[in-house]
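Chain by chain, the residues:
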Amino acid sequence: MTKRTRRPSETGLSRRQLLKATGSTAALLAAAKLNFPAGAFAQDAGPEVKGAKLGFIALSDAGPLFVAKDKGLFAKYGMPDTDVQKQASWGTTRDNLVLGSEGNGIDGAHILTPMPYLISAGKVTQNNQPTPMYILARLNLDSQCISVANEYADLKLGVDATPFKAALEKKKASGKAVKAAMTFPGGTHDLWLRYWLAAGGIDPDKDIETIVVPPPQMVANMKVGTMDCFCVGEPWNLQLIHQKIGYTAVTTGELWNKHPEKSFGMRAAFVDKYPKAAKALLMAVMEAQQWADKAENKAELAAIMGKRQWMNCPVEDVLDRSAGKFDYGIPGKVVENSPHIMKYWRDFASYPFQSHDLWFLTEDIRWGKYEPGFDTKALIAKVNREDMWRDAAKTLGVANAEIPASTSRGKEAFFDGKVFDPENPAAYLKSLAIKRVEV
């Protein structure tokens, strides 16, 4: 994959900013002690162990884990030996979570929100054996994208996928395959892609072949013509544009504003055995989320995320969208200060609303990942640990105004007029024209 290098002035970063953002580890650790919110973990009630193994995929929504490691926050809360390990794919993340660190796997991860549910229910594991997991926090809201190959540049696709349907039918009629790529069956990217296609009258199981491609391999696969569109997080959508291979049709926040995305998930066995260690990890991640959300830290955040051990990409492929500038790769379509910027802390981004988990489970019922009538509430009660989040927030000294009053965010509205009422998910399912389940 060819990587382009730009001068600092071309990325909006001055040389001074770049030097500051990529300063020594010692300087970063010193800054952490000065700049982070108060609320150190009580040493006399410290963690049972000194570290854990956490996985991540090279995506910008794993930023809080990168920051927590780079800035010494895991160490601050008594977990200095925490190892943050890059995973090759979401399938690898699943397999390593099933193994656990005792089996040379991992204890927790930056993960697609539906995955802890699919793993806990044994829907995506070998021999359908459940591995109980907990969601301790949400990592972010918004800022995934659906990108389309330059083959469809003349369509200038946006939130309405209807024009895409005729183009796909024409291509299929010529004897060519049409494919849409996502990152894990039943995961967030799969569900955003399916929602967009289905809202445009395209059946994601019949009108186009849906394939699995790991996030870091999306651009290379689009370059050789493997797929017609894909859904993934950053930096891969912007890198696609920089390499002049395709363009952004829609950011997922345009489909559902302030939607939940990734989570901080951990094996239940680790949390149950080491509850203080789990709380320490959670507090480090939450503090990192607060830091990452501040406008004045965006340049440094981009530099951290682009590092070799993290996303291993040019800062130019990270900075603009992490700071809220969205160039869609379509002439004249550049949005400054987008409301769909990735949110790590604001708008209750870190809190794992149970109502949001219910939407993901409902969508996975829609597409056949769970059987009709599956007891979603019972599974949410086991997996969602918003109680731990609230406890960690209290210890951190988070303001009451930043802690949700309810486990539900209420009714959610989508771009096509559909409404999800967590009090009546069956009505939402019934309103959807394309689905694999009868309601």
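Residues numbered from 1 in each chain as written. Predicted model: local features only at pLDDT ≥ 70, side-chain atom pairs only at ≥ 80, totals over all residues. Heavy atoms only, no water.

- Looking at an unreviewed UniProt entry, one finds the protein named Bicarbonate-binding protein and attributed to Bradyrhizobium nanningense.
- UniProt's Subcellular location (unreviewed entry) comment on the protein is quoted here verbatim: "Endomembrane system". (UniProt positions renumbered as here; feature names shortened; annotations may be inferred.)

### Focus: the sheet that holds strand β1 (residues 53-56)
Point 1. Pairing is mixed in the open sheet, where 5 strands are placed in the order β2-β1-β3-β10-β4. The open sheet has two edge strands with one neighbour each: β2 (83-86) and β4 (133-138). Each adjacent strand pair in this sheet contributes to an overall mean axis angle of 30 degrees, direction not counted.
Point 2. Note that β1 and strand β3 (residues 108-112) share 2 bridges and pair parallel. Bridge pairing in β3 links Gly55 to Ala109.
Point 3. Its contacts with the sheet place helix α6 (residues 90-99) against β3, β4 and β10 (262-267), and it is angled at close to 145 degrees to β3. (Pairing = 2+ DSSP bridges. Helix = DSSP H or I, 4+ residues; strand = E, 2+ residues; numbered from the N terminus. Axes fitted to C-alpha atoms, helices over the stretch in contact; angles between N-to-C directions. Contact = heavy atoms within 4.5 Å.)

### Some thoughts on the packing of aromatic side chains
Point 1. With the rule as written, the count across this model stands at 22 aromatic pairs.
Point 2. Consider the rings of Trp192 and Trp359, whose centres lie 5.4 Å apart with planes at 20 degrees: the pair is stacked. Of this pair, Trp192 sits in helix α9 (residues 188-199) while Trp359 sits in helix α17 (residues 354-366), placing them 167 residues apart in sequence. Of the two residues, Trp192 and Trp359, both sit in the buried class.
Point 3. An angle of 80 degrees between the planes, with centres 5.3 Å apart, marks the rings of Tyr351 and Trp389 as edge-to-face. Of this pair, Tyr351 sits in the loop between β12 (334-335) and α17 while Trp389 sits in helix α19 (residues 386-396), and the two are 38 residues apart along the sequence.
Point 4. Trp389 sits in the buried class, given a relative accessible area of 1%.
Point 5. These aromatic residues form a ring-pair network of at least three members: Trp192, Tyr195, Trp256, Trp359, Phe360, Phe414, Phe415, Phe420 and Tyr428.
Point 6. Note that Arg194 overlies the ring of Trp367, its terminal NZ or CZ placed 4.9 Å from the centroid.
Point 7. Sitting above the plane of the Tyr328 ring, Lys333 keeps its charged end 4.3 Å from the centroid. (Phe/Tyr/Trp six-rings, centres within 6.5 Å; stacked < 30°, edge-to-face > 60°. Buried < 20%, exposed > 50% of the residue type's maximum accessible area, 1.4 Å probe, protein only. Lys NZ or Arg CZ within 6 Å of the ring centre and 35° of its normal.)

### Focus on the sheet that holds strand β5 (residues 145-149)
Point 1. Read from one edge of the open sheet, 5 strands run β7-β6-β8-β5-β9, paired in mixed fashion. The strands lining the two open edges of the sheet, one partner per strand, are β7 (209-212) and β9 (246-251). On average, each strand axis in the sheet is inclined to that of its neighbour by 25 degrees, with strand direction left out of account.
Point 2. Judged from the 4 bridges that link them, strand β6 (residues 179-182) and β7 form a sheet pairing that is parallel. Residue pairing in the sheet places Ala181 in a bridge with Ile211 of β7.

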